[in-house]
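Structural overview
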Amino acid sequence: MPTSTEVVAHSWAFAIYIIVALGLCAFMLIAAYFLGGRARARTKNVPYESGIDSVGSARLRLSAKFYLVAMFFVIFDVEALYLYAWAVSVRESGWLGFIEATIFIFVLLAGLFYLVRIGALDWTPKRSKRQLKNKIPNNLQ
């Protein structure tokens, strides 16, 4: 059991660390304020990217399919992290861990096949596919 002097010493060390960290952050913000540029111009706040002046509005309407595909990517990416953690500890987990990881992979594949089957990963709407199919000549179909 630690003595009270060790607890106080540990607390003081943590308090000094917090004070130094906050002081360093405050110093960097204040230094940036005084050393930063003060140029004022009409075109100073205009977006300018890659040498091209922006035209039009930046508020584009995106399809909900884009967000669905992005969410599916994040979900499957997180599962890849779980598999990486399993791969690191594969020797410690043994055959039981291998069987569990195999079941986990099959559940992921079932989810992926389900998403493909219902068309959740298709970018183009069904009407665009119909229009494209009608434009293909019969001898190429």
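Computed from a predicted model, the values in this text were never measured in an experiment.

What counts, and at which threshold
- Here the residue numbers are simple positions, counted from 1 along each chain's written sequence.
- Reporting in this predicted model follows two pLDDT cut-offs: at least 70 for local features of residues, and 80 or more for side-chain atom pairs to be given and counted; totals over whole chains, interfaces and linings ignore these cut-offs and use all residues.
- The side-chain numbers reported here are obtained from all heavy atoms of the structure, hydrogens and water having been left aside.
- Pairing of aromatic side chains here covers Phe, Tyr and the six-membered ring of Trp, requires ring centres within 6.5 Å, and sorts the geometry by plane angle: under 30 degrees stacked, over 60 edge-to-face, intermediate tilted.
- Burial classes: relative accessible area under 20% of the type maximum marks a residue as buried, over 50% as exposed, and values in between as partly exposed (1.4 Å probe, protein chains only).
- Note on conventions: DSSP H or I runs of at least 4 residues are helices, E runs of at least 2 residues are strands, and numbering of each starts at the N terminus.
- In this scheme, a helix's expected span is set at 1.5 Å multiplied by one less than its residue total.
- The contact rule is simple, with two residues in contact once any of their heavy atoms fall within 4.5 Å.
- UniProt positions are given in the numbering used here, feature names are shortened, and annotations may be inferred rather than shown by experiment.
- Patch definition: residues above 30% relative accessible area lacking any salt bridge, with like charges linked at up to 9 Å and the nonpolar side chains Val, Leu, Ile, Met, Phe, Trp and Tyr linked at up to 5 Å.
- In short, Shrake-Rupley with a 1.4 Å probe defines the accessible areas, and a residue's cover is counted only from the protein chains shown.
- Each reported salt bridge corresponds to a side-chain nitrogen of Lys or Arg within 4 Å of a carboxyl oxygen of Asp or Glu.
- We define the bend at any residue as the angle between the axes fitted to the seven residues before and including it, ending there, and the seven starting there.

As for the packing of aromatic side chains
On inspection of all chains with the given rule, the structure shows four aromatic pairs. Each ring, one from Y33 and one from F34, has its centre 5.3 Å from the other, and the planes form 75 degrees; the classification is edge-to-face. Accessibility expressed as a relative area gives 58% for F34, which makes it exposed. Ring plane angle 40 degrees and centroid distance 6.4 Å describe the contact between W86 and F98, whose orientation is recorded as tilted. Of the two residues, W86 is situated in helix 2 (residues 64-88) and F98 in helix 3 (residues 90-118); the sequence distance between them amounts to twelve residues. Owing to a relative accessible area of 24%, W86 belongs among the partly exposed residues under this scheme. Taken together, W86, W95 and F98 form an aromatic cluster joined through their ring pairs.

So, helix 2
Between its terminal C-alpha atoms helix 2 stretches 37 Å, which fits the 36 Å expected from 25 residues at 1.5 Å a residue. If you follow the buried residues of helix 2, they end up packed against helix 3.

As for the UniProt feature "transmembrane region" (unreviewed entry) in the chain
The positions that UniProt labels "transmembrane region" (unreviewed entry) are, in the present scheme, residues 12-35, 66-87 and 93-116. Overall, residues 12-35 shows 100% helix and 0% strand. The separation of its end C-alpha atoms is 34 Å. Measuring from the first to the last C-alpha atom of residues 66-87 gives 31 Å, for a span that is 100% helix and 0% strand.

Focus: a nonpolar patch on the surface
A surface patch of nonpolar side chains, amounting to about 860 Å² of accessible area, comprises L60, L62, F66, Y67, L68, M71, I75 and W123. By secondary structure assignment, the location of L68 is in helix 2.

What to know about the side chain of E79
Inspection of the secondary structure assignment puts E79 in helix 2. In contact with E79, not counting residues within four places along its chain, are F104 and L108.

Looking at helix 3
Here helix 3 is 29 residues long, yet its end C-alpha atoms lie only 35 Å apart, well below the 42 Å a rise of 1.5 Å per residue gives. By the largest-angle criterion, L96 marks the main kink of helix 3, which is about 75 degrees. For helix 3, every residue scored as buried is listed here: G97, A101, L108 and L115. Those residues of helix 3 that are buried lie in contact with helix 2.

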